[in-house]
Amino acid sequence: MYVLNFVKMRGFTSAVILFRQLNKGINRSKLTECLPRYSRSYAVIPPPRNSEEKALLAAMLRVDHAGEYGANRIYAGQMAVLGRSQSGPLIQHMWDQEKRHLQKFNEILAENRVRPTALLPIWNVAGFMLGASSALLGKAGAMACTVAVEESISEHYNSQIRALMELDPEGYRGLLQIIKEFRDEEMEHHDTGLDQEAESLPGYQLVKTAIQLGCKAAIYLSERV
Amino acid sequence: MTLKRHAYVWSHAIYAVNKRNAKFQLDMAALLRGLKAGRALRSLGSVAVQAAANPQSSNIRRGFHRAALLRVHDESKNPASSSSSTPHHEHYQAHSLPADEGTSTSTHEASAGGAATGQEDPQVNTSYQDQGGEQNEDYETEEQLAERILTAALDFVPQHGWTIEAIAAGAETLGLSSASTGMFINGAGDLVLHFVGHCNTQLTEILADQHKHVQLGQAEQKKTAEFLRDAVETRLRMYIPYMDTWPQAMSILILPHNIPHSLKHLSTLMDDIWYYAGDRSTDMNWYTKRAALTGIYNTTELVMLQDSSPDFQDTWTFLDNRIQDVVNMAGTAKQVAATGEAVAQGLMGAAVTLKNMTGLNQRR
């Protein structure tokens, strides 16, 4: 199995643990189908004025959803390796915040009838692999990965905030508030990563640049596919 | 923009007339229309002199075109009284005729042309200035006109098939010259796509209405399988009046230049049906559900083409069976996933037991 090839872990058990975590990730996403149907009491996003705006908004929401989904899987991978170590509770806390973000975007996507990206299975596996392999480099590796990803995501959210402010600051107030809140939390994760000595990783700049390139590619693809 | 549009329609009409002369034997009709247009121009010339302070050449051309449409409208609507020859009288007649048509271009044009008709509608602009039109409710856009022609053309599909002739016949019922089919560069494709879009809109309205009733508590939400079955059946029943010619329509839809549009219609339809069925998924299920329903819909449509049972009973039975298949497959997939997880857990348990027995399970 490819898991065994990539993950240099001792023992059959660890591989089985990883395999189960992978499956849990796939099954967990099915729970999001069972959202209550008529529980919306307010609309976060105003109806778009024309088809261009609609397409733009759909792309934005799609890529945000994909980003949170990927972040979830990255933390899941990190937890699979470092879950029982000293940094376990910290990573778990950051993962819980990401789960909240994903839940919010699931609601927004369902409400606005936006198509989720078709590359979700790829982000599922790739995210988990990234998290697990960075955690295998130790705590510094996991933190470096966190710093790189959170920096990418914050930059991305900032450009979205700018775009929405240009379009219609008043109309998109609700969505802007959500994105700002999420961006602040991602920045918090970024700062936490730096505090936890992410930069002490040998080859930190290389790893960071590589991960950020991957994130940029993922963002570009998710907006379109 | 309006001037350009009218100039375009006029030149297109001329082009279309010239192009179709060989095919549709309208040369005599075109000649007659040209003569009538010439007569109308002379009569209109007298009005144009009084009309605007700056009669531009494009305005005259517009008036020329309007007059041409007007004359044909005249002839078709009022064959008995077309013998009268005074320009004011004819303009007045044409104006009073389509009172029931609402947003008819000829009304606007007639009132724009005639000084005598000014008293009918006080806010109508009777000069050639400020004819921007977009803000005026009476003005009809080209898209709206095209839609009206295509809707009228649907009545002639059983007779002419999905062809330009049907569109021409439809245009003639609205009192427009059949040269206005030149507006439809995609020809029969435009007609079929318009019909498909129209059916989709109808279905969406029906589903939205049902959804509203459910939300108000006046009706029960149907089970997914039943909902899908009813939605697909309702949608396919809209094809029954055109069943004889539907194979021709389907072949038009799969022509390469029509494929993007027909796929767009199909995907919107599937998305709407699933949305109203209650699907709010945001993962791969979004895609698998729509793909499954597209498969069901397309195969049922094909079965319907060669179904000769009373009220297409065989088709609905086929539809039932296909939906049942998908439901069974989804159930089986769930079972497989559950089994797989159970197997993995079993293996895990066996591994832990082994490690305990051999003493390797030490925590460091």
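The shown structure was predicted, so the numbers you read here are calculated from the model rather than taken from an experiment. (Residues numbered from 1 in each chain as written. Chains lettered and ligands numbered in written order. Predicted model: local features only at pLDDT ≥ 70, side-chain atom pairs only at ≥ 80, totals over all residues. Heavy atoms only, no water.)

(A) Seen up close, the overall build of chain B. The number of helices and strands found in chain B is 14 helices and zero strands. The order of α-helices and β-strands along chain B, N terminus first, is α-α-α-α-α-α-α-α-α-α-α-α-α-α. Here chain B holds 364 residues, and the buried ones make up 44% of them. Restricting to contacts in chain B with at least 6 residues of sequence separation, those with at least 24 account for 68%. Counting only carbon and sulfur atoms, one obtains 58% of the accessible surface of chain B, whose full area is about 19500 Å². (Helix = DSSP H or I, 4+ residues; strand = E, 2+ residues; numbered from the N terminus. Buried < 20%, exposed > 50% of the residue type's maximum accessible area, 1.4 Å probe, protein only. Contact = heavy atoms within 4.5 Å. Areas by Shrake-Rupley, 256 points an atom, 1.4 Å probe, with all protein chains shown as cover.)

(B) Main features of a nonpolar patch on the surface. Taken together, A:Tyr220, A:Leu221 and A:Val225 make up a surface patch of nonpolar side chains, about 260 Å² in accessible area. Here A:Val225 lies in the segment after helix H8 (204–224). (Patch = residues over 30% accessible without salt bridge, like charges linked within 9 Å, V, L, I, M, F, W, Y side chains within 5 Å. Salt bridge = Lys/Arg side-chain N within 4 Å of Asp/Glu carboxyl O.)

(C) View of the pattern of salt bridges. Residues and elements named next belong to chain A. The tally for this structure, following the rule as stated, stands at 19 salt bridges over all chains. Measuring nitrogen to oxygen at the nearest pair gives 2.7 Å for the salt bridge that ties glutamate 185 to arginine 100. Remark: arginine 100 occurs in helix H4 (residues 88–112) and glutamate 185 occurs in helix H7 (residues 173–195); sequence separation between them is 85 residues. On the basis of relative accessibility, which here comes to 43%, the residue arginine 100 falls in the partly exposed class. For glutamate 223, the salt bridge identified is with arginine 224, shortest N-O distance 3.3 Å.

(D) Here's a closer look at the state of the cysteines. Residues and elements named next belong to chain A. In total, this model carries zero disulfides over all chains according to the counting rule given. Unpaired in terms of disulfides, cysteine 145 finds its nearest cysteine sulfur in cysteine 215, a separation of 7.8 Å. The class of cysteine 145 is buried, set by a relative accessible area of 0%. (Disulfide = S-S within 2.5 Å.)

(E) Fine view of the side chain of A:Thr117. Residues and elements named next belong to chain A. For threonine 117, the position within the fold is in the loop between H4 and helix H5 (120–136). Looking at threonine 117, the relative accessible area reads 0%, which means it is buried. Separated by 3.2 Å, the side chain of threonine 117 and the backbone nitrogen of leucine 119 make a polar contact. (Polar contact = N/O pair within 3.5 Å; in protein donor to acceptor, adjacent residues only side chain to side chain.)

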